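Chains, contacts and geometry: an overview
Residues per chain are reported as follows:
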Amino acid sequence: MTLWTVKSTEKRVNGVAAISEIGSMRGPYATLRGRLCGYGVSARSKYHVKPRLLTTDGYRLFFLDLELETPEKTDEQEDMSVDEAQPPRDKALIQPAIFRYPELSVEALSLYYHSIRKGDIVTVAGFLELETWRRGSATETQADPLKEHMTSRSFLFHGLRAEVVRSWNRSEDGEFKSVPGVRTKPKTMDDDSQEWKGHIIRNEEDAMKLRDQMCKYWLHYGKCPKGNHCKYFHIENAQLLNICRQRWIEARLEARQLTSHDSADPHPPLSKTSRHHRASIFAHYLVKAFGVENLNQGTGVLDIAGGKGDVSMELCKEYKVNCTLVEPREDVWLVGLGRKKRKGRSKREPDDAMNTRSSMASESVTDDGESPVIRVPAQIYPCENQKNEATVDHINSVLPPASQGPRPLHFSTHDSVGHLLASRLRTCSVMIGLHPDQATDAILDHALINNKSFAIVPCCVFKREIQREWIVDGIRKEVSTYQDLIQYLCAKTLSVPHRHVKLEWLDFQGRNCVLLSEATSS
Ligand SMILES: C[S@@+](CC[C@H](N)C(=O)[O-])C[C@H]1O[C@@H](n2cnc3c(N)ncnc32)[C@H](O)[C@@H]1O
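Residues numbered from 1 in each chain as written. Predicted model: local features only at pLDDT ≥ 70, side-chain atom pairs only at ≥ 80, totals over all residues. Heavy atoms only, no water.

With an unreviewed UniProt entry as reference, the chain is termed C3H1-type domain-containing protein, source organism Bifiguratus adelaidae.

Helix and strand counts for the chain stand at 18 helices and 18 strands. Within the span of the chain, comprising 522 residues, buried residues form 47% of the whole. Pairs at least 24 residues apart make up 66% of the contacts formed inside the chain by residues separated by at least 6 positions. (Helix = DSSP H or I, 4+ residues; strand = E, 2+ residues; numbered from the N terminus. Buried < 20%, exposed > 50% of the residue type's maximum accessible area, 1.4 Å probe, protein only. Contact = heavy atoms within 4.5 Å.)

Attention now moves to helix α18 (residues 482-494). An ideal rise of 1.5 Å per residue puts 18 Å on 13 residues; α18 measures up with 18 Å between its terminal C-alpha atoms. Listed in full, the buried residues belonging to α18 are Tyr482, Asp484, Leu485, Ile486, Tyr488, Leu489, Cys490 and Thr493. In this fold, the buried residues of α18 make contact with α17 (440-449), β14 (453-457), β15 (469-472), β16 (475-478), β17 (502-505) and β18 (513-517). (Expected span 1.5 Å × (residues − 1).)

Running from N to C, α17 and α18 point in directions that differ by 15°, and their axes come no closer than 11 Å. In terms of orientation, α17 and α18 fall into the roughly parallel class. Regarding α17 and α18, the two cross each other, and that crossing is right-handed. Every residue of α18 that contacts α17 at Thr440, Asp441, Leu444, Asp445 and Leu448 is listed here: Tyr488, Leu489, Lys492 and Thr493. Of the residues contributing to the contact of α17 with α18, the split by class is four nonpolar, two polar and three charged. (Axes fitted to C-alpha atoms, helices over the stretch in contact; angles between N-to-C directions. Parallel < 35°, antiparallel > 145°, perpendicular 65-115°, else oblique. Left-handed = near helix turned anticlockwise from the far one by under 90°. Nonpolar A, V, L, I, M, F, W, Y, C, P; charged D, E, K, R; others polar.)

Time to look at the pattern of salt bridges. Per the counting criterion, the structure on display carries eight salt bridges. In this structure, Glu478 engages Lys463 in a salt bridge whose closest nitrogen and oxygen atoms are separated by 3.8 Å. Within this pair, whereas Glu478 is found in strand β16, its partner Lys463 is found in the loop between β14 and β15, the two being separated by 15 residues in sequence. Classification of Lys463 by relative accessible area gives partly exposed; the value is 29%. (Salt bridge = Lys/Arg side-chain N within 4 Å of Asp/Glu carboxyl O.)

On to the environment of Asp507, then. Positionally, Asp507 belongs in the loop between β17 and β18. In this structure Asp507 comes out as partly exposed when scored by relative accessible area, which is 28%. Discounting chain neighbours no more than four positions away, the residues touching Asp507 are His267, Ser271, Lys272, Thr273 and Ile281.

Attention shifts here to the nonpolar core. Among the nonpolar cores identified, the biggest contains 31 residues, and Leu302, Ile304, Leu399, Met431, Ile443 and Phe454 are the most heavily contacted of them. Secondary-structure elements contributing two or more residues to this core are β8 (301-304), α16 (416-427), α17, β14, α18 and β18. If you tally residues by element for this core, the top one is α18, at six residues. Among residues more than four places away in sequence, those in contact with Ile443 are Ile304, Leu399, Met431, Ile432, Gly433, Pro436 and Ile456. (Core = buried A, V, L, I, M, F, W, Y, C linked by side-chain atoms within 4.5 Å.)

See below:
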């Protein structure tokens, strides 16, 4: 039986056969063979829960730590039993293989994650990440301990295919024992060496080279509970720490933008506008897509789950479009007001903001004496030298799910908020939702039921709260990823006769795919 050997000898990097080199991002292709000795998952602890790992957008990745063997096995060793043939564990060469979306489909990730167990012998085919591989290719002097560490450090290997060659059999092989701390422990680190322990980074160049191995506690808090025993690097100089912290955050954001980038999105992933401008970008998009006149039809735009009301305010202020905001938050436009104030655009004191609401907002009082809607005065976001005649109304409520059947929603007449909501659902021009969280399905369903145009920019899936299924090519599929959600919402829209749906991408960071569908003319 062949254990821990590596296929092909064309080119070797840390004992791994490199087969070919393609592209600028990807390094050589290679096949690893080894024993699975540990798992690693995405760095954020809240995603460490197994079943959620593979469904959380942007964090669909895991590592398999493979114990490789450097020297080729002799024929004699080939015939040995697993235990006899196993090299001393402390000399084991550990190579992490990263498996991630979108290099692999979510289904493949799930399969590998759940079917490979510790102790199994596996072959993994994939490619080396070029930058890391180059760093590990040892061309420089070994005199500097930092360089020594860098050159001996393993490269990052991206798994594309994995196969279990032999499963660890507990009843025959006993309990499998992992090498402790394999994944985070650099291979050259000597536990007793003072050289490594508490190693201090002294200049920016070293900091940049070792950015993957910075202690995150230290980066965030300037201290670390593990002190000198920490396996990662600490930075004592406050100025350097600040620079590294900033770089670390930038690198994380960049990585997130790259991993969440949709290949159909025409905007380059690293030069999109800040997500803080998403409301004005979306408002501009709506005006371009529908035109001001159409948006102002009936009671105007119905902005569901609009949070602080930024999109409504933008439409009202910049384009004179009437809007109704449906949002359960109580502080909606006060937050907007407070924020403008902090930016120095309002002279009012904090308490005045509260008074402003009661003195400036006019409340529409219904027959039963309740006030389901607050009219937000346009003066809140004043237009320079112009009198703004458009209005924003705020219905302080959630939009309930449209689970009452295919007919337009009729709320109880005793429920003034519900009554008003039902009325605005019928009389609005377009229904919109920018990152509407749990309201996504409700917006789409109500828009279809009431034959309204809609523009929705979905964000989170809420897989555990909302179970959604749809049929693709006769196969029932469950919505577990963002891509699934988009497909599911499109399929639902297209299931209504004469309805079309368009997917477009807005130029801001984060979830930026907009689903746009116009009402049918019938
Ligand atoms: C992520 S925030 C987005 C806010 C805003 N659209 C933005 O992009 O800044 C989602 C908002 O949806 C609201 N929300 C959640 N479910 C809702 C529902 N069923 N009806 C109305 N609003 C809802 C929440 O109160 C929250 O303010």
